[in-house]
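One-letter residues, chain by chain:
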Amino acid sequence: MATLLETLRRQTPMLSVGVLTADWMNLQPQLSILESAGVPLLHIDVMDGAFCPAMTFGPPIIQAIQTSLFKDVHLMIENPLEKLDSYVQAGADMITVQVESTKHPHRVLQALGGMTNANDPARGIIRGAALNPGTPVEALDPLMEELEMILLLAVNPGWGGQKFIPSTRRRIDAVRQRIAKSGGNILLCVDGGIKRDNLVEVAQMGAEIIVSGSAVFDGKDPAGNIAYLQKQLGKG
Ligand code: DX5
Ligand code: ZN
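Bear in mind the structure is a predicted one, so any value in this text is a computation, not a measurement. (Residues numbered from 1 in each chain as written. Chains lettered and ligands numbered in written order. Predicted model: local features only at pLDDT ≥ 70, side-chain atom pairs only at ≥ 80, totals over all residues. Heavy atoms only, no water.)

Engineer: Hey, could you run me through the overall build of the chain in this one?
Structural biologist: Scanning the chain from terminus to terminus reveals eight helices and eight strands. For 236 residues, the compact-globule formula gives about 18 Å, and the C-alpha radius of gyration of the chain, at 16 Å, lands near that figure. In terms of its C-alpha atoms, the chain occupies a principal-axis envelope of roughly 40 × 40 × 35 Å. In the chain, which comprises 236 residues, the proportion classed as buried is 53%. In the chain, of all internal contacts separated by at least 6 residues, the share reaching a separation of at least 24 is 66%. The average position of the 20 basic charges and that of the 24 acidic charges among the side chains of the chain differ by 5 Å. (Helix = DSSP H or I, 4+ residues; strand = E, 2+ residues; numbered from the N terminus. Rg over C-alpha atoms; globule rule 2.2 N^0.38 Å. Buried < 20%, exposed > 50% of the residue type's maximum accessible area, 1.4 Å probe, protein only. Contact = heavy atoms within 4.5 Å. Lys, Arg positive; Asp, Glu negative; His and termini not counted. Charge placed at Lys NZ, Arg CZ, Asp CG, Glu CD.)

So this is what it looks like as structure tokens:
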């Protein structure tokens, strides 16, 4: 059976749709829209009010979300090491930690590497390391053997609906080169500020997983939005 990494590798570039700005009191029909549109990943932004000012949700809500999409959990929290297990138990398929959130990013990724996907042990858990826009990409160098995904934030963490920071373009390029040099099977993800007008550009720059939240959940037409974005990626 294919691991999640192998499954995703075959579908790149792909969307991971962020639920931060979804209508949470009416979540299920919105998830059905994503499922029917063939979106593979659901991006779940966990904020603890400490690493970033906003607070969102934790393991019980993640566990309660009923979907066939893989759960792509982005932890923007302090002390991730001691909380990893609760996110794994809640059914996270991918767990991404901010390198700035811990003194021990290597140890966090190592610990994740020893954990088993609670949905299906054969699937594996994709381990991601995320960088804030102000963190030098060199921070990734000692971590390359302990991860399957690198997430570049194209906005500062904390809010949906922000503008794509232009220096991200240079950073995508630098990370792409690092991945090629490492020879590892590592997915490149870009998160924040991705809309109808820059999705294709970001994919062409080499992003393999593209997080888009408010461009889908804009309070108006999620079905129309997702159809448009999927088509732009050649999947409509
Ligand atoms: C930023 C989050 C992003 C964000 C994406 O803190 O990590 O995932 O919610 O949302 P949009 O697509 O609205 O920028
Ligand atoms: Zn995110």
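Anyway, onward from the coordinates.
Engineer: What's the story with the coordination of the zinc ion (ligand 2) in this structure? I'm lost.
Structural biologist: Ideal values for angles at a metal depend on the geometry: 109.5 degrees with four tetrahedral donors, 90 or 180 degrees with six octahedral donors. In the first shell of the zinc ion (ligand 2), the protein supplies His43 (NE2), Asp45 (OD), His74 (ND1) and Asp191 (OD), at 2.1 to 2.3 Å from the metal. Coordination at the zinc ion (ligand 2) is octahedral: its six donor atoms span angles of 71 to 172° at the metal. Within one chain, the residues serving as donors to the zinc ion (ligand 2) are arranged as H-x1-D-x28-H-x116-D. In this structure His43 comes out as buried when scored by relative accessible area, which is 0%. (Donors = N, O, S within 2.8 Å, 3.2 Å for Na, K, Ca; no water. Tetrahedral: all angles 85-135°; square planar, octahedral: opposite > 155°, others 65-115°.)

Engineer: Which parts of the structure should I look at to understand the site of ligand 1?
Structural biologist: Among the 19 residues in the neighbourhood of ligand 1, the closest are listed as Asp45, Gly161, Asp191, Gly213 and Ser214. For ligand 1, an oxygen atom lies 3.3 Å from a polar atom in the side chain of His74. Taking Asp191, its side chain carries an N or O atom lying 2.6 Å from an oxygen atom of ligand 1. According to the grid-proximity analysis, the pocket containing ligand 1 is the largest cavity. For the shell around ligand 1, the secondary structure elements donating two or more residues are strand 2 (41-47), strand 3 (70-76) and strand 8 (209-212). Looking at the shell around ligand 1 element by element, the count peaks at three residues for strand 2. The residue inventory of the shell around ligand 1, partitioned by class, reads seven nonpolar, 10 polar and two charged. (Near = heavy atom within 4 Å. Polar contact = N/O pair within 3.5 Å; in protein donor to acceptor, adjacent residues only side chain to side chain. 1 Å grid on protein atoms, 1.4 Å probe; cavity = no way out; pocket = protein on both sides within 12 Å on 5 of 7 lines; lining within 4 Å. Sits in = over half its atoms within 2 Å of the grid points. Nonpolar A, V, L, I, M, F, W, Y, C, P; charged D, E, K, R; others polar.)

Engineer: What should I look at first to understand helix 5 (residues 105-113) in this one?
Structural biologist: For an α-helix, the turn length of 3.6 residues means that residues three or four places apart are oriented alike. Where helix 5 is concerned, the buried positions are Pro105, Val108, Leu109 and Leu112. Relative to the axis of helix 5, the buried residues are bounded by an arc of 95° and lie together on one face. Buried residues belonging to helix 5 abut helix 4 (84-89), strand 4 (94-98) and strand 5 (126-131). (Arc of directions from axis to C-beta.)

Engineer: Looking at this structure, I do not really get the environment of Met115. What am I missing?
Structural biologist: Mapped onto the secondary structure, Met115 falls in the loop between helix 5 and strand 5. What makes Met115 partly exposed here is its relative accessible area of 24%. Sequence separation between Met115 and Leu41 is 74 residues; the distance between their C-alpha atoms is 20 Å. The contacts of Met115, once residues within four sequence positions are left out, are Leu84, Asp85, Val88 and Ile125.

Engineer: Please explain the packing of aromatic side chains as it appears in this structure.
Structural biologist: Each aromatic ring pair is summarised here by two numbers: the centre-to-centre distance and the angle between the ring planes. Scanning the model with the defined rule gives one aromatic pair in all. Residues Trp24 and Phe57 carry aromatic rings whose centres are separated by 4.7 Å and whose planes lie at 40° to one another, so their mutual orientation is tilted. Placement of Trp24 in the loop between strand 1 (14-18) and helix 2 (27-36) and of Phe57 in the loop between strand 2 and helix 3 (59-64) is noted, with a sequence separation of 33 residues between them. Judged by relative accessible area, Trp24 falls into the partly exposed class, the value being 25%. For Arg196, the ring lying beneath its charged end belongs to Tyr228, and the centroid distance is 4.1 Å. (Phe/Tyr/Trp six-rings, centres within 6.5 Å; stacked < 30°, edge-to-face > 60°. Lys NZ or Arg CZ within 6 Å of the ring centre and 35° of its normal.)

Engineer: It is not clear to me how the side chain of Gln230 should be interpreted in this structure. Could you clarify?
Structural biologist: Residue position: Gln230 is located in helix 8 (residues 222-232). Given a relative accessible area of 2%, Gln230 falls into the buried group. Of note is the side chain of Gln230, whose polar atom sits 2.8 Å from the backbone oxygen of Ala37. Among residues more than four places away in sequence, those in contact with Gln230 are Leu15, Ala37, Gly38, Val39, Lys235 and Gly236.

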